[in-house]
Amino acid sequence: MHTLTLRAVDRGIRVDCEESETRALLTATYGHMRDEAGAADLHYIVGRDSARTTFFIKRQGRELLTAPDDGAFLQLFDEDIVIELQKLRCDLYFVHAAVLTVADTAFMLVARPGGGKSTLCWALSHHGFPFLSDELGPVDLQTLGIHRYPRAVALKTQPPASYPIPPATLQTSRSWHIAAEDLPGGIGTGLTRLTAVFFVQYDAKAREPSVRRLSVAEATGRLYANTLNALAHAGDGLDAAIRITAAITCFELVSADLTATCGLLTATLKGLLLTSSP
Amino acid sequence: MTASQNSTAGPQLSDSVMVEHPRRRSDVNARLVEGEMVVLDRTANLIHQLNQTASFIWHRCDGQYTAREIADQLVDAFEIDLDTAEGSVKAALQQFEQLGLLERAQA
């Protein structure tokens, strides 16, 4: 038995791994969230059955989860841990987003599943933006600080050759999982104040990327549609979404060529930070 | 949950709609932010963003005003002619209706 102790959104997670393959999978994906401090608020037991044909996840209070392969196992684990963290921190506003930092502030990339959010996150890391999260943007509504959630970046498809996947990257039946430690832009620390959100849409027909500033109302609709726990908040979470979008700057980013998209986003952030600096 | 934006394009309602008293559904959650309305319809699992004109019309869909009276108010507020205002009101009501955001109108 090997125990992995993680910390996310100031909550402890203990994972007892009954054999080596599940341990390797979780260490590769959640390794940067290791933290021995504090008590465990969540406790998992994971492993494979005796015939080694099925992965399983046990957690007190729910039925046994099983998965036929490593990709399905990680997906089930990801989903369960995200739901449980929402219950443990219902004060936070959880957005399905990738998050990076620039000049001690954070910005989110929000997209529909398969919309290129993780690939853009991986590419932006090559342009020097420290990483906070690939999947989860937990926002503190009092401070608009965003917690880091440095799970590995999960790519469903190979990125362009200019942003190659590191050779030692974990590949499962469903995705590549690039460890947070392997991101060239480094990893951000602590709670970081949110300054911008980019709602990303990939347009295969677009010759070049484009960016458009959104009104608070339009941004609110888009943010709300990508919020995981809106109903945990007063007014069905609508006021919380407005609190965020009214305080920051939101853009629609139509992505095209990845390098050009990174360039446009970088220039947009530079302009934003210049206009907002004292 | 899906986000949508309103537009005023598309086929319009007949003139008879102008004497009705449109009333927005009471169970939707709406907020006005910087002149634009955000309307959350949990029943349909949709969130809508209305432009300023549609927001103005939505705000007056309280069962008190006829569509024609709303159009008159639109003329004053946006300094547009009555035909344009009526067209905008019809288009907005058509869209609210299609989205299921209105209670049954009362004559």
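Just above, that's the structure.
Since we're looking at a predicted model, the values are computed, not measured.

## Focus on the interface of chain B and chain A
Now for step 1: Contacts between the two partners involve 14 residues from chain B and, on the opposite side, 15 residues from chain A.
Now for step 2: Overall, the association of chain B and chain A removes approximately 1,400 Å² of surface from exposure, summing both partners, and the carbon and sulfur fraction of that is 65%.
Now for step 3: Considering only the surface of chain B that becomes buried against chain A, R31(B), V33(B) and R42(B) emerge as the three largest contributors, covering 31% of it.
Now for step 4: For the interface between chain B and chain A, the tally reads 2 salt bridges.

## Remarks on the pairing of strand β4 (residues 36–41) of chain B
All names here are of chain B.
Now for step 1: Among the 6 residues of β4, 6 are classified as buried, and the element is accordingly described as predominantly covered.
Now for step 2: The side-chain alternation of β4 yields two buried faces, one formed by E36, V38 and L40 and the other by M37, V39 and D41.
Now for step 3: When strand β3 (residues 29–33) meets β4, the two strands line up antiparallel, connected through 5 bridges. In the strand pairing of β4, R31 is matched with V38.
Now for step 4: Counting the residues in the hairpin turn of β3 and β4 gives 2 residues, including E34, whose phi is positive at 50°.
Now for step 5: Bridge analysis of β4 against strand β5 (residues 46–49) gives 4 bridges, and the strand direction is antiparallel. When the sheet's bridge partners are listed, V38 is paired in β5 with Q49.

## Thoughts on the environment of F199(A)
Residue and element names in this part refer to chain A.
Now for step 1: Mapped onto the fold, F199 is located in strand β15 (residues 192–202).
Now for step 2: Residues F199 and V211, spaced 12 residues apart in sequence, show a C-alpha to C-alpha distance of 9.5 Å.
Now for step 3: Other than its neighbours up to four places away in sequence, F199 contacts V110, L214, A219, R222, L223, C250, F251, E252 and L253.

## Digging into the pattern of salt bridges
Residue and element names in this part refer to chain B.
Now for step 1: On inspection of all chains with the given rule, the structure shows 22 salt bridges over all chains.
Now for step 2: Taking the shortest distance from any N to any O, the salt bridge between R68 and E86 comes out at 3.3 Å. Separated by 18 residues along the polypeptide, R68 in helix α2 (residues 67–78) and E86 in helix α3 (residues 82–98) bring together distant segments of the chain.
Now for step 3: Taking the relative accessible area as the measure of exposure, R68 reaches 36% and is therefore partly exposed.

Reading guide: rules and limits
- Residues numbered from 1 in each chain as written.
- Chains lettered and ligands numbered in written order.
- Predicted model: local features only at pLDDT ≥ 70, side-chain atom pairs only at ≥ 80, totals over all residues.
- Heavy atoms only, no water.
- Contact = heavy atoms within 4.5 Å.
- Buried area = accessible area lost by both parts, 1.4 Å probe.
- Salt bridge = Lys/Arg side-chain N within 4 Å of Asp/Glu carboxyl O.
- Buried < 20%, exposed > 50% of the residue type's maximum accessible area, 1.4 Å probe, protein only.
- Helix = DSSP H or I, 4+ residues; strand = E, 2+ residues; numbered from the N terminus.
- Pairing = 2+ DSSP bridges.

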